[in-house]
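# A look at the structure
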Amino acid sequence: QVQLVESGGGLVQAGGSLRLSCAASGRTFSSYAMGWFRQAPGKEREFVAAINWSGGRTSYANSVQGRFTISRDNAENTVYLQTNSLKPEDTAVYYCAARSDGIYLFTSSARYDYWGQGTQVTVSS
């Protein structure tokens, strides 16, 4: 069982940055693949970024490629999402997710086993 707690969300002006964190419980964090998803009001949850167990491979949605960076610190049981050049359309609740098979990266939310409660990111124009 893995428990995930996100933090770092907030209100920022367009062009600004936020660093989201996801702290995980459990001794097996380093074996998990991790992902970030987001959900805006009235829209479906969508993939943002993913990272494999070692941090050696990452994947990004086209909409955030070049602006967002996912990373992890296995010693601290934490995964990060650095968000730069934020746009109003990035406004959403951002969720952290964990998948027990840490080798492969998936963009589908159905492939992830554990979820956090989410952190709100609001970008004003």
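The structure displayed is predicted, hence computed values, not measured ones.

Of regular secondary structure, the chain possesses zero helices and 11 strands. When its helices and strands are written in sequence order, the chain yields β-β-β-β-β-β-β-β-β-β-β. In terms of its C-alpha atoms, the chain occupies a principal-axis envelope of roughly 40 × 25 × 25 Å. For the chain, the share of sequence-separated contacts (at least 6 apart) that also reach a separation of at least 24 residues comes to 60%. As presented, the chain carries roughly 6300 Å² of accessible surface, and 45% of it is formed by carbon and sulfur atoms. The positive charge centre, built from 11 side chains, and the negative charge centre, built from 9, are 3 Å apart in the chain.

This part is about the environment of Val 121. Tracing the backbone through its elements, the reader meets Val 121 in strand 11 (residues 119-124). When the C-alpha positions of Val 121 and Val 48 are compared, they lie 13 Å apart, and in sequence the two are 73 residues distant. Discounting residues that sit within four places of it in the chain, Val 121 has contacts with Gly 9, Gly 10, Leu 18, Leu 20, Asp 90, Thr 91, Ala 92 and Tyr 94.

Time to look at a nonpolar patch on the surface. Judged by side-chain polarity, Trp 53, Ile 103 and Tyr 104 come together as a nonpolar surface patch covering roughly 340 Å² of accessible area. Position of Ile 103 relative to the elements: it lies in the loop between strand 9 (92-99) and strand 10 (114-115).

Once that is clear, we can look at the sheet that holds strand 3 (residues 18-24). Taken in spatial order, the four strands of this open sheet run 1-3-8-7, and their pairing is antiparallel. Here the strands that pair on one side only, and so sit at the sheet edges, are strand 1 (4-7) and strand 7 (68-73). Averaged over neighbouring strand pairs, the angle between their axes works out to 15 degrees when direction is ignored. With four bridges connecting them, strand 1 and strand 3 associate as antiparallel partners. The residue bridging Val 5 from the neighbouring strand is Ala 23, located in strand 3.

Two descriptors summarise a pair of aromatic rings, namely the distance from one centre to the other and the angle between the planes of the rings. All told, the structure shown has five aromatic pairs when counted by the stated rule. Seen in terms of ring centroids, Tyr 32 and Tyr 114 are 6.1 Å apart; in terms of plane orientation they differ by 50 degrees. Their pairing is tilted. With Tyr 32 in the loop between strand 3 and strand 4 (33-39) and Tyr 114 in strand 10, this pair connects stretches of sequence that are 82 residues apart. Tyr 114 carries the same exposure label as Tyr 32, and that label is buried. When the ring of Phe 37 is compared with that of Phe 47, the centres are 5.7 Å apart and the planes differ by 75 degrees; the resulting orientation is edge-to-face. In this pair, Phe 37 is assigned in strand 4 and Phe 47 in strand 5 (residues 46-51), connecting sequence segments 10 residues apart. Per residue, the accessibility class of Phe 37 equals that of Phe 47, and both read buried. In this structure an aromatic cluster arises from ring pairing among Phe 37, Phe 47, Tyr 112 and Trp 115. The positively charged end of Arg 19 is found above the aromatic ring belonging to Tyr 80, 3.9 Å away from the centroid.

Here is what the cut-offs are and how they apply
- Residues numbered from 1 in each chain as written.
- Predicted model: local features only at pLDDT ≥ 70, side-chain atom pairs only at ≥ 80, totals over all residues.
- Heavy atoms only, no water.
- Helix = DSSP H or I, 4+ residues; strand = E, 2+ residues; numbered from the N terminus.
- Contact = heavy atoms within 4.5 Å.
- Areas by Shrake-Rupley, 256 points an atom, 1.4 Å probe, with all protein chains shown as cover.
- Lys, Arg positive; Asp, Glu negative; His and termini not counted.
- Charge placed at Lys NZ, Arg CZ, Asp CG, Glu CD.
- Patch = residues over 30% accessible without salt bridge, like charges linked within 9 Å, V, L, I, M, F, W, Y side chains within 5 Å.
- Salt bridge = Lys/Arg side-chain N within 4 Å of Asp/Glu carboxyl O.
- Pairing = 2+ DSSP bridges.
- Axes fitted to C-alpha atoms, helices over the stretch in contact; angles between N-to-C directions.
- Phe/Tyr/Trp six-rings, centres within 6.5 Å; stacked < 30°, edge-to-face > 60°.
- Buried < 20%, exposed > 50% of the residue type's maximum accessible area, 1.4 Å probe, protein only.
- Lys NZ or Arg CZ within 6 Å of the ring centre and 35° of its normal.

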